Amino acid sequence: MDATREDIEFLIRSNHRVGVLDALTSDRCTRHDLRTATGASSPTLGRILTDFQDRHWLERDGKFYRLTDLGEFVATRFDAFRDAMTHQRRLREIWPWLPHEADGFSIELFTDVVVSQPGPGYPYQPLERLTECFTTTESMTGFGMALLKSGNLEPFFDHVRNGLECEYIYPPAVFEELLSWDEETVVELATRANYTVLLHDDLPLDDRCGICLFDDRVSICCYDPETGALHRLVDTGSDEMRAWATSHYERFRDEARPLEDAIDLL
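In this text, all values refer to a predicted model and were calculated from it rather than measured experimentally.

S.K.: Requested: an account of unusual backbone geometry, with residues and values cited.
M.R.: With glycine set apart, most residues show a phi of negative sign, and most peptide bonds adopt trans. In this model, H56 sits at a positive phi of 65°, which is unusual for a non-glycine residue. Relative to the helices and strands, H56 is located in the loop between α4 (42-54) and β2 (58-61).

Pasting the structure below:
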């Protein structure tokens, strides 16, 4: 077996080893501290400490144990790897709906990601999360598929009435669906200074996702292209995601046309 793989397996096949590494990452610890933190028996803990010392991952200072520089290196990289694996697990089920073909899009754009998905017998969590995002923000911009269910359209337009600053780029077919929901409300509010409607005939991936930028979050609405149902909602506070989404939004805004230039849709 490859020696690197052996080191990886040595660490991950024991929760107690991982627990010792985690505890020592925070601070130096006594043997009692480590037993309390990990739940390991005294013999088990003794073997772990010996193994870690043999690998030069930790050193003893009186009654305390602490990580060496090499041990800190291992701990930092291992923690980053765990975070990455947790991250990908939360995103892999929705990967087909994300705009990964778009220029500059990557998994590294996400931090503190929240994935909202329908649960057994309760399919409304994505809609409720989206509603929470736009009812707790003072400004909103976006493009693509979004806001097509009465459960979130009503609070959205109520928030527009109450002063939400919103500029949204709709595919024409999506805006037609808005009109079919409540033409009078949509047309009336589209004339307000705080709600700007733009239309774009060739938004990429407009049948499967929509992107919204709120005050402190960016959301990606993941739609089932066959049914139009909101399949998942992903949102993040990542500055990198905001920069990426803003650059695409500004490009599409330059290409879009104002609603009054497409009056034939009304």
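S.K.: Pulling in residues and values, what's your account of the UniProt feature "domain: HVO-A0261-like N-terminal" (unreviewed entry) in the protein chain?
M.R.: The feature "domain: HVO-A0261-like N-terminal" (unreviewed entry), as given by UniProt, occupies residues 5-90 in the numbering adopted here. Annotated as residues 5-90, this span is 73% helix and 12% strand, and its ends, taken at the C-alpha atoms, are 25 Å apart.

S.K.: Please set out the packing of helix α2 (residues 15-26) against helix α5 (residues 69-92) residue by residue, giving values where relevant.
M.R.: Axis angle and axis distance: for two packed helices, these are the angle between their axes and the distance between the axes, and together they describe the pair. Relative to each other, α2 and α5 sit at 110°, their axes nearing to 10 Å. Relative to α5, α2 is oriented roughly perpendicular. α2 and α5 meet at a crossing whose hand is left-handed. Of the residues in α5, those in contact with V18, L21, D22 and T25 of α2 are G71, V74, A75, F78 and R82. Residue classes in the contact of α2 with α5 are distributed as 5 nonpolar, 2 polar and 2 charged.

S.K.: Explain the packing of aromatic side chains to me, and be specific about the residues and the numbers.
M.R.: Under the counting rule described, the total for this entry stands at 15 aromatic pairs. Seen from their ring centres, W95 and F105 are 6.2 Å apart, and the 45° between their planes marks the pair as tilted. With W95 in the loop between α5 and β4 (114-116) and F105 in the loop between α5 and β4, the pair connects residues that are 10 residues apart, well separated along the chain. Assessed through its relative accessible area of 32%, W95 is described here as partly exposed. Taking 5.9 Å as the distance between ring centres and 80° as the angle between the ring planes, the aromatic pair formed by F157 and Y195 counts as edge-to-face. Here F157, found in helix α7 (residues 150-161), pairs with Y195, found in strand β7 (residues 195-199); they are 38 residues apart in sequence, far enough to count as distant. The residues F157 and Y195 share a single accessibility class, namely buried. An aromatic cluster is present here, built from F134, F156, F157, W181 and Y195 joined pairwise through their rings. One residue, R55, lies across the ring of F10, its end atom 3.6 Å from the ring centre. R55 extends its terminal NZ or CZ atom over the ring of W57, reaching a point 6.0 Å from the ring centre.

S.K.: Give me the pattern of salt bridges: which residues, what numbers.
M.R.: Following the criterion strictly, the structure yields 16 salt bridges and no others. E59 serves as the salt-bridge partner of R66, at 3.2 Å between the closest nitrogen and oxygen. A relative accessible area of 35% places R66 in the partly exposed class. Judged by its relative accessible area of 34%, E59 is partly exposed.

S.K.: Please set out the confidence of the model for the protein chain residue by residue, giving values where relevant.
M.R.: Parts of the prediction with low pLDDT should not have their coordinates interpreted in detail. Averaged over the protein chain, the pLDDT score is 88; the fraction of residues at 70 or greater is 96%. By mean pLDDT, the top-scoring element of the protein chain is strand β3 (residues 64-67) (96), and the lowest-scoring one is strand β10 (residues 230-236) (86).

S.K.: If you had to explain the sheet that holds strand β11 (residues 257-258) to someone new, which residues and values would you point to?
M.R.: Spatial strand order, β4-β10-β9-β8-β5-β6-β7-β11: 8 strands in an open sheet with mixed pairing. Single-partner strands in this sheet number two, and they are β4 and β11. In this sheet, strand β8 (residues 209-213) lies alongside strand β5 (residues 139-144) in antiparallel orientation, the contact comprising 4 bridges. Within the sheet, the bridge partner assigned to G144 lies in β8 and is G210. Strands in contact with α7 are β5, β6 (165-170) and β7; relative to β7, the strand with the most contacts, it is inclined by about 125°.

S.K.: Give a description of α4 that names residues and reports values.
M.R.: Over its 13 residues, α4 runs 18 Å from end to end, which matches the ideal 18 Å to within 8%, given 1.5 Å per residue. Burial in α4 covers these residues: L45, G46, I48, L49 and F52. Axial view of α4: buried residues confined to an arc of 165°, hence all on one face. Facing away from the buried side of α4 by over 90 degrees, the exposed positions are P43, R47 and D54. On its buried side, α4 packs onto α1 (3-12), α2, α3 (31-38), β2 and β3.

S.K.: Residue-level account of the sheet that holds strand β1 (residues 29-30), with values.
M.R.: Consider a sheet: its strands pair through backbone hydrogen bonds, and that pairing is either parallel or antiparallel. If you trace the 3 strands from one edge of the open sheet to the other, you get β1-β3-β2, paired in antiparallel fashion. Both outer strands of the open sheet, β1 and β2, are each paired with one neighbouring strand and no more. In this sheet, β3 lies alongside β1 in antiparallel orientation, the contact comprising 2 bridges. Across the sheet, C29 pairs through a bridge with Y65, a residue of β3. The strands that α4 touches are β2 and β3; relative to β2, the one it contacts most, it runs at about 110°.

Reading guide: rules and limits
- Residues numbered from 1 in each chain as written.
- Predicted model: local features only at pLDDT ≥ 70, side-chain atom pairs only at ≥ 80, totals over all residues.
- Heavy atoms only, no water.
- Helix = DSSP H or I, 4+ residues; strand = E, 2+ residues; numbered from the N terminus.
- UniProt positions renumbered as here; feature names shortened; annotations may be inferred.
- Axes fitted to C-alpha atoms, helices over the stretch in contact; angles between N-to-C directions.
- Parallel < 35°, antiparallel > 145°, perpendicular 65-115°, else oblique.
- Left-handed = near helix turned anticlockwise from the far one by under 90°.
- Contact = heavy atoms within 4.5 Å.
- Nonpolar A, V, L, I, M, F, W, Y, C, P; charged D, E, K, R; others polar.
- Phe/Tyr/Trp six-rings, centres within 6.5 Å; stacked < 30°, edge-to-face > 60°.
- Buried < 20%, exposed > 50% of the residue type's maximum accessible area, 1.4 Å probe, protein only.
- Lys NZ or Arg CZ within 6 Å of the ring centre and 35° of its normal.
- Salt bridge = Lys/Arg side-chain N within 4 Å of Asp/Glu carboxyl O.
- pLDDT = per-residue confidence, 0-100.
- Pairing = 2+ DSSP bridges.
- Expected span 1.5 Å × (residues − 1).
- Arc of directions from axis to C-beta.

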